[in-house]
Amino acid sequence: MSSIFEYAPAPETTKPAIREQYGLFINGAWVAPQSGKYFDTVNPATEETLARVAYASPEDVDRAVRAARKAYDKYWRKMRPADRAKYIYRIARAITERSRELAVLETLDGGKPIKESRDFDVPTAAAHFFYYAGWADKLEWAMRAGREPEPLGVAGQIVPWNFPLLMAAWKVAPALACGNTVVLKPAETTPLTALALAQIIQEADLPPGVVNVVTGDGATGAALVSHDDVDKIAFTGSTEVGKAIQRSLAGTRKRLTLELGGKAAHIVFADAPMEQAIEGVVNGIYFNQGHVCCAGSRLLVQESVHDELVVRLTERLQTLRLGNPIDKNTDIGAINSRAQLDKITELVQSGIDQGAVLVQQSCTLPDRGYYFPASFFTNVQMSHRIAREEIFGPVLSILTFRTPDEALEKANNTPYGLSAGVWTDKGSKNMYIAQHLRAGVVWCNTFNQFDPSSPFGGYKESGFGREGGVHGLYEYLAH
Ligand code: NAI
Ligand code: MG
């Protein structure tokens, strides 16, 4: 087996300007929370505290929603669409200009490898602002025949901790382009890039109140969801919280989009290009430590190539570098929080207890910080918890199938339906499988491809509504 050779440490050197304490960004200004409370955000790679962040109470959320309403009525809905576009382009350019700083901030606050925040999160976030800036003055071309593009009003947007800046961009950019104003609630473990985005928005001189950022926890999010003067809620996060939000909005006039969990099938046929498929599988599950709603976490391998694939994947596992995410050579960074590490550990134990066989990369975990080695399970049964529940960590469950129809049956046997992947050399088989998979996104002979022009979203318990592309505009326009 090829063993990993030593690399010298290569930490990214940029020191982002992190303030000791952050207020709330309301009505274009930094304000102290009426709650008087602050909470710490830590670096999960070292457990060091990075900053103190304001905790927004329901009163603070109310202030933010009022500011957003005023900005909507007074400036944003009345502004010429081409002028709105100029502001959104300005945000996009500022993200590009500050890309190194934002990447370091994202990695420090959330634990993802710097090469991912640098090469994926930040450029893709900027791309979303560029893309939707382009739509702002062309909305009538996006609308179905004859409809006038009309914004919804104030959008409450709640984002998770796995792609903090990118999820904020997915939500804020189309909302602004369509003429809505925003109250954004970042996740409690990763508020820093949303706060940096607020600084960018302040410097871009957007009218006060067009974008407000309120930091806090689930109670802050719940206050935003239940606020009377919010016209739309966009939520990305756990299925459990998504269901609770849907229940609480039933019977109200508020519009809702939900982007929830997943347990994506990643199907590898015997005729697949094996080297590429292995790379696709590795990318599918170990990207961002598996903290990915569309992660290819259920590998379905055709029986005749199962043993070969397992041997190759075991070898490949040993070449993944786990360590401090700020190092440019790191492949597997830190788990986002202790709570998430506990959840992963518990589910992995259930896999062992239920009789699956665990294979892990052999490496020494850093003394401090939250880490979990890249892992996979063989001998997995469809009934195992590790085959059904979202682990949201670097843990793959491998199952087998014999015929294309059996692959489809197993792939679709899940309460989720966010994404899926197929590997085969045969084009017609790719098409057949892709057409019959009940998933919002299907990648053929590739995985985890994202583009602002391509819509993304789920079926079943993975949620509803689409983000990205023309479809993403409909979620922020009255129709
Ligand atoms: P979560 O759903 O609690 O958190 C996501 C966001 O929702 C955060 O900003 C949080 O403050 C907010 N939130 C929490 N409770 C809320 C409520 N009642 N009303 C409004 N907003 C609320 O997710 P959590 O607990 O951090 O992670 C638990 C599991 O959820 C993970 O292990 C993973 O399986 C899944 N998850 C899925 C994500 C996805 O992208 N689909 C993202 C994050 C977590
Ligand atoms: Mg943090």
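Residues numbered from 1 in each chain as written. Chains lettered and ligands numbered in written order. Predicted model: local features only at pLDDT ≥ 70, side-chain atom pairs only at ≥ 80, totals over all residues. Heavy atoms only, no water.

Observations regarding the nonpolar core
(1) Moving on: Counting 108 residues, the largest nonpolar core has Ile 91, Phe 129, Leu 176, Leu 206 and Tyr 286 as the members making the most contacts within it.
(2) Moving on: Ranked by residues supplied to this core, first place goes to helix H6 (residues 164-177) with eleven residues.
(3) Moving on: Looking at this core, you find at least three residues from each of domain 1 (21-259 + 459-474) and domain 2 (265-444).
(4) Moving on: Every residue in contact with Leu 176, bar those within four places of it in the chain, is listed here: Trp 76, Arg 84, Ile 88, Ile 91, Val 182, Leu 206, Val 210 and Val 211.
(5) Moving on: In terms of nonpolar packing, the next biggest core, distinct from the first, is built from 29 residues, Ile 267, Leu 408, Val 422 and Ile 433 among them. (Core = buried A, V, L, I, M, F, W, Y, C linked by side-chain atoms within 4.5 Å. Buried < 20%, exposed > 50% of the residue type's maximum accessible area, 1.4 Å probe, protein only. Helix = DSSP H or I, 4+ residues; strand = E, 2+ residues; numbered from the N terminus. Domains from an automatic or database assignment. Contact = heavy atoms within 4.5 Å.)

A word on the domain arrangement of the protein
(1) Moving on: For the protein, the assigned domains are domain 1 (21-259 + 459-474) and domain 2 (265-444).
(2) Moving on: Each of domain 1 and domain 2 has a C-alpha centre, and these two points are 30 Å apart.
(3) Moving on: Contacts between the two partners involve 28 residues from domain 1 and, on the opposite side, 35 residues from domain 2.
(4) Moving on: With both chains or domains summed, domain 1 and domain 2 bury close to 2,800 Å², and 54% of this area falls on carbon and sulfur atoms.
(5) Moving on: Looking at the side of domain 1 facing domain 2, the largest losses of area belong to Glu 47, Trp 161 and Lys 460, adding up to 22% of the total buried there.
(6) Moving on: Taken together, domain 1 and domain 2 are joined by two salt bridges. (Buried area = accessible area lost by both parts, 1.4 Å probe. Salt bridge = Lys/Arg side-chain N within 4 Å of Asp/Glu carboxyl O.)

Some points on helix H10 (residues 274-286)
(1) Moving on: Between its first and last C-alpha atoms H10 spans 18 Å; for 13 residues at 1.5 Å apiece the expected length is 18 Å, and the two agree.
(2) Moving on: Of all the positions in H10, only Met 274, Ala 277, Ile 278, Gly 280, Val 281, Val 282, Gly 284, Ile 285 and Tyr 286 are classed as buried.
(3) Moving on: Where H10 is buried, its residues meet strand S11 (265-268), strand S12 (298-302), helix H11 (303-317), strand S14 (375-378), strand S15 (395-401) and strand S16 (419-423).
(4) Moving on: Downstream of H10 by a residue or two, Asn 288 has a phi angle that is positive, lying close to 55°. (Expected span 1.5 Å × (residues − 1).)

Points about the sheet that holds S11
(1) Moving on: Spatial strand order, S13-S14-S15-S12-S11-S16-S17: seven strands in an open sheet with mixed pairing. Taken across any chain shown, the strands that pair with only one partner, and hence form the sheet edges, are strand S13 (357-360) and strand S17 (441-444). Averaged over neighbouring strand pairs, the angle between their axes works out to 20° when direction is ignored.
(2) Moving on: Here helix H14 (residues 404-412) sits on the sheet in contact with S11, S12 and S15, set at roughly 170° to S12. (Pairing = 2+ DSSP bridges. Axes fitted to C-alpha atoms, helices over the stretch in contact; angles between N-to-C directions.)

Observations concerning the packing of helix H2 (residues 81-97) against helix H4 (residues 114-135)
(1) Moving on: Two elements in contact, H2 and H4, have axes whose closest approach is 8 Å; the angle formed by their N-to-C orientations is 165°. Relative to H4, the element H2 lies roughly antiparallel. Handedness of the crossing formed by H2 with H4: left-handed. Where H2 approaches H4, its residues Ala 85, Ile 88, Tyr 89, Ile 91, Ala 92, Arg 93, Ile 95 and Thr 96 are matched on the opposing element by Val 122, Ala 126, Phe 129, Phe 130, Ala 133 and Gly 134.
(2) Moving on: Split into classes, the residues belonging to the contact of H2 with H4 amount to eleven nonpolar, two polar and one charged. (Parallel < 35°, antiparallel > 145°, perpendicular 65-115°, else oblique. Left-handed = near helix turned anticlockwise from the far one by under 90°. Nonpolar A, V, L, I, M, F, W, Y, C, P; charged D, E, K, R; others polar.)

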